[in-house]
Amino acid sequence: MKLKSSDSSMLGRQIYVGANNRLVTVIKLFSLSSSLIGLAVMPWLHAQISSSSLVFKLTLFGASGFFILLTPILIHTLARRYVLSMYYNESTKCFSAVRYNLLMQQRTVSFTPEQIEDSLANPLSTFRVGNQDFLIDPDELMRSDPEAFVIFMRYDQPIDLDKYKVIPNKSEKIYTSCEDQRNRVE
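What comes next is a walk through the structure. Not measured: the values here are computed from a predicted model.

### Notes on the overall build of the chain
Now for step 1: Secondary structure assignment for the chain yields six helices and seven strands.
Now for step 2: Shown N-terminal to C-terminal, the secondary structure of the chain runs as helices and strands in the order α-β-α-α-β-β-β-β-β-β-α-α-α.
Now for step 3: Burial analysis of the chain (186 residues in total) assigns 30% to the buried set.
Now for step 4: Of the contacts made within the chain by residues no fewer than 6 positions apart, 54% connect residues no fewer than 24 positions apart.
Now for step 5: Surface accessibility of the chain: about 13100 Å² in total, with carbon and sulfur atoms responsible for 61%.

So this is what it looks like as structure tokens:
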């Protein structure tokens, strides 16, 4: 489940380690193992209730199957954003984030600082790359490697204030007080 040392050397230096790695691992393992146990018990349960009514069987198997399959998917939906560790390769100027997939295998996503977008619309993520959300603790990244944090946050690049400029519509009246706006509505 760990990255090989040869893999991590290609990724660059480690700049971040998630504070809740153990918790995320335990929750995902518990979810997957309980679902596997639930699937293993299904044939025995079917034999035990074979004389019951069809409605009872459908209700029981529908509800248990729903929870057996839904729990790992729901937990994965929340935990897939969590970054276990992050690396920075100075020669390629790329960051690499390591996360778990559905079956607890570590997957690496590489990206450049220019690909990073703020994820203000989603409260369960810190930043976005393409269509993927990521969850890290920026304070921990800042404490562990301030140089990489500056590059990650693009503090080393000039700020383009023109993209934040609001150009008012000429046909739109700008109200000077709440009273003016109320008069317009009436």
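### What about the sheet that holds strand β7 (residues 132–134)?
Now for step 1: Pairing within the open sheet is antiparallel, and its three strands lie in the order β5-β6-β7. Edge strands, defined here as strands with exactly one partner in the open sheet, are β5 (116–118) and β7. Averaged over all adjacent pairs, the angle separating strand axes in this sheet is 35 degrees, with direction ignored.

### What to know about the nonpolar core
Now for step 1: Formed by 18 residues in total, the largest nonpolar core has its most connected members in Ile15, Met86, Phe95, Phe111, Phe127, Ile136 and Phe152.
Now for step 2: Every element with two or more residues in this core is listed here: β1 (13–17), β2 (85–89), β3 (94–100), β4 (106–111), β6 (127–129) and α5 (146–152).
Now for step 3: With three residues, α5 is the single largest residue contributor to this core.
Now for step 4: Ignoring anything within four residues of it in the chain, the contact list for isoleucine 15 reads Met86, Tyr87, Tyr88, Phe95, Leu141, Ser144, Asp145 and Ala148.

### Overview of the sheet that holds β2
Now for step 1: Spatial strand order, β1-β2-β3-β4: four strands in an open sheet with antiparallel pairing. A single partner strand is all that each edge strand has here, and the edge strands are β1 and β4. Direction aside, the axes of adjacent strands within the sheet are offset by 25 degrees on average.
Now for step 2: Pairing analysis gives five bridges linking β2 to β3, with the strands arranged antiparallel. Residue methionine 86 lies in a different strand from β3, and its bridge partner there is alanine 97.

### Quick word on helix α3 (residues 54–79)
Now for step 1: For α3, which comprises 26 residues, the first-to-last C-alpha distance of 37 Å matches the rise-based estimate of 38 Å (1.5 Å per residue) to within 8%.
Now for step 2: At leucine 70, α3 shows its strongest bend, of approximately 30 degrees, with the proline proline 72 following within four residues.
Now for step 3: All of the buried residues in α3 are Lys57, Gly65, Ile68, Pro72, His76 and Ala79.
Now for step 4: Residues of α3 that are buried make contact with α2 (21–48) and β3.

### Brief notes about the packing of α2 against α3
How two helices sit against one another is set out by the angle between their axes and by the gap between those axes.
Now for step 1: As a packed pair, α2 and α3 sit with axes 10 Å apart at the nearest point and diverge in direction by 165 degrees. Our classification of the angle between α2 and α3 gives roughly antiparallel. Seen from above, α2 lies across α3 with left-handed handedness. For the pair formed by α2 and α3, the contact residues are Val24, Ile27, Lys28, Ser31, Leu32, Ser35, Gly38, Leu39, Met42, Leu45 and His46 on the first element and Leu60, Phe61, Ser64, Gly65, Ile68, Thr71, Pro72, Ile75, His76 and Ala79 on the second.
Now for step 2: A per-class count over the contact of α2 with α3 returns twelve nonpolar, eight polar and one charged.

Basis of the calculations
- Residues numbered from 1 in each chain as written.
- Predicted model: local features only at pLDDT ≥ 70, side-chain atom pairs only at ≥ 80, totals over all residues.
- Heavy atoms only, no water.
- Helix = DSSP H or I, 4+ residues; strand = E, 2+ residues; numbered from the N terminus.
- Buried < 20%, exposed > 50% of the residue type's maximum accessible area, 1.4 Å probe, protein only.
- Contact = heavy atoms within 4.5 Å.
- Areas by Shrake-Rupley, 256 points an atom, 1.4 Å probe, with all protein chains shown as cover.
- Pairing = 2+ DSSP bridges.
- Axes fitted to C-alpha atoms, helices over the stretch in contact; angles between N-to-C directions.
- Core = buried A, V, L, I, M, F, W, Y, C linked by side-chain atoms within 4.5 Å.
- Expected span 1.5 Å × (residues − 1).
- Bend = angle between axes of the 7 residues up to and from the residue.
- Parallel < 35°, antiparallel > 145°, perpendicular 65-115°, else oblique.
- Left-handed = near helix turned anticlockwise from the far one by under 90°.
- Nonpolar A, V, L, I, M, F, W, Y, C, P; charged D, E, K, R; others polar.

Shape descriptors only; they carry no functional weight alone.
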